[in-house]
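As a plain string of letters, each chain reads:
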Amino acid sequence: SQTIHQWPATLVQPVGSPLSLECTVEGTSNPNLYWYRQAAGRGLQLLFYSVGIGQISSEVPQNLSASRPQDRQFILSSKKLLLSDSGFYLCAWRGPSSGNTIYFGEGSWLTVV
Amino acid sequence: AQSVAQPEDQVNVAEGNPLTVKCTYSVSGNPYLFWYVQYPNRGLQFLLKYITGDNLVKGSYGFEAEFNKSQTSFHLKKPSALVSDSALYFCAVRDMTGGGADGLTFGKGTHLIIQP
């Protein structure tokens, strides 16, 4: 079966510090990978998606970047965090074995102080 | 562009009563439609989806949803609510034609509160 791991689960970082959130998927190959942000416990905003290694599409201009160094690894980064980067970040995947369904990780809470 | 509307921020239902969480959508082509549930501080859990075929789809935990093309709606339903159904529910859509970003567009979510 397929599983998705996301870490760290919670993170408190000062303004101006770097960020790295990691996500890995097991049990599938060549998945599409996604980073979403959820603000204030409500709507989700698609930040980045990737259809393959090194292929990143950004949906919104922002202070964040994403990378996909391996087939099942997706990383969300920032060089200098802003207060507005605080939120709940969700990694997700979709692959041949999931059909059209996107499955989510457990999320990472980022608080920028 | 595709969009999803969940007109109710919160729905309150007594335990044992039927529940409905409303969702309407807008896409340029044919839609893929999804419902997810989120418990506090957790990721989203997939409940059910409509891709094609029967307009009534059944999913996890006794939930079902009815696709209505003429009304562009995909309301989530359950015949008898449980207190444990209390959570945040998201409707999502993806255009079947695949145009634009490869991802889902979500509604803002509806808090479902089941009262004992």
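Let us look at the structure shown here. (Residues numbered from 1 in each chain as written. Chains lettered and ligands numbered in written order. Predicted model: local features only at pLDDT ≥ 70, side-chain atom pairs only at ≥ 80, totals over all residues. Heavy atoms only, no water.)

**Focus: the packing of aromatic side chains**
For any pair of aromatic rings, geometry is given as the distance between the ring centres together with the angle between the planes. Residues and elements named next belong to chain B. The tally for this structure, following the rule as stated, stands at 16 aromatic pairs over all chains. Seen in terms of ring centroids, Tyr 50 and Phe 67 are 4.1 Å apart; in terms of plane orientation they differ by 20°. Their pairing is stacked. One end of the pair, Tyr 50, is in strand β6 (residues 44–50); the other, Phe 67, is in strand β8 (residues 64–68), with 17 residues separating them in the sequence. Seen from their ring centres, Phe 90 and Phe 106 are 6.2 Å apart, and the 90° between their planes marks the pair as edge-to-face. (Phe/Tyr/Trp six-rings, centres within 6.5 Å; stacked < 30°, edge-to-face > 60°. Helix = DSSP H or I, 4+ residues; strand = E, 2+ residues; numbered from the N terminus.)

**Considering the nonpolar core**
If you look at the biggest cluster of nonpolar residues, it comprises 27 residues, and the most contacted ones within it are Leu19(B), Trp35(B), Leu47(B), Leu48(B), Phe74(B), Leu76(B) and Tyr89(B). Elements supplying a minimum of two residues to this core: β2 (10–14), β3 (19–21), β5 (31–38), β6, β8, β9 (73–78), β10 (87–95) and β12 (110–115) of chain B. Ranked by residues supplied to this core, first place goes to β10(B) with 4 residues. If we skip the residues at most four places from it in the chain, Leu47(B) touches Trp35(B), Tyr36(B), Val37(B), Gly59(B), Ser60(B), Tyr61(B), Phe63(B), Leu76(B) and Tyr89(B). Grouped together as the second largest cluster of nonpolar side chains are 20 residues, Leu19(A), Val25(A), Phe74(A) and Tyr89(A) included. (Core = buried A, V, L, I, M, F, W, Y, C linked by side-chain atoms within 4.5 Å. Buried < 20%, exposed > 50% of the residue type's maximum accessible area, 1.4 Å probe, protein only. Contact = heavy atoms within 4.5 Å.)

**Comments concerning the state of the cysteines**
Any covalent bond linking the sulfur atoms of two cysteines counts as a disulfide. Within the structure shown, the criterion is met by 2 disulfides over all chains. Between the sulfur of Cys23(A) and that of Cys91(A) lies a disulfide, 2.0 Å long from S to S. Between Cys23(A) and Cys91(A) the disulfide shows an S-S torsion of about -75°. By sign, it is left-handed. Placement of Cys23(A) in strand β3 (residues 19–26) and of Cys91(A) in strand β9 (residues 87–94) is noted, with a sequence separation of 68 residues between them. As far as the burial class goes, Cys23(A) and Cys91(A) line up, both buried. Here Cys23(B) connects covalently by a disulfide to Cys91(B), the sulfurs 2.0 Å from one another. One disulfide, between Cys23(B) and Cys91(B), carries an S-S torsion of -65° and so falls in the left-handed class. Within this pair, whereas Cys23(B) is found in the loop between β3 and β4 (24–26), its partner Cys91(B) is found in strand β10, the two being separated by 68 residues in sequence. (Disulfide = S-S within 2.5 Å.)

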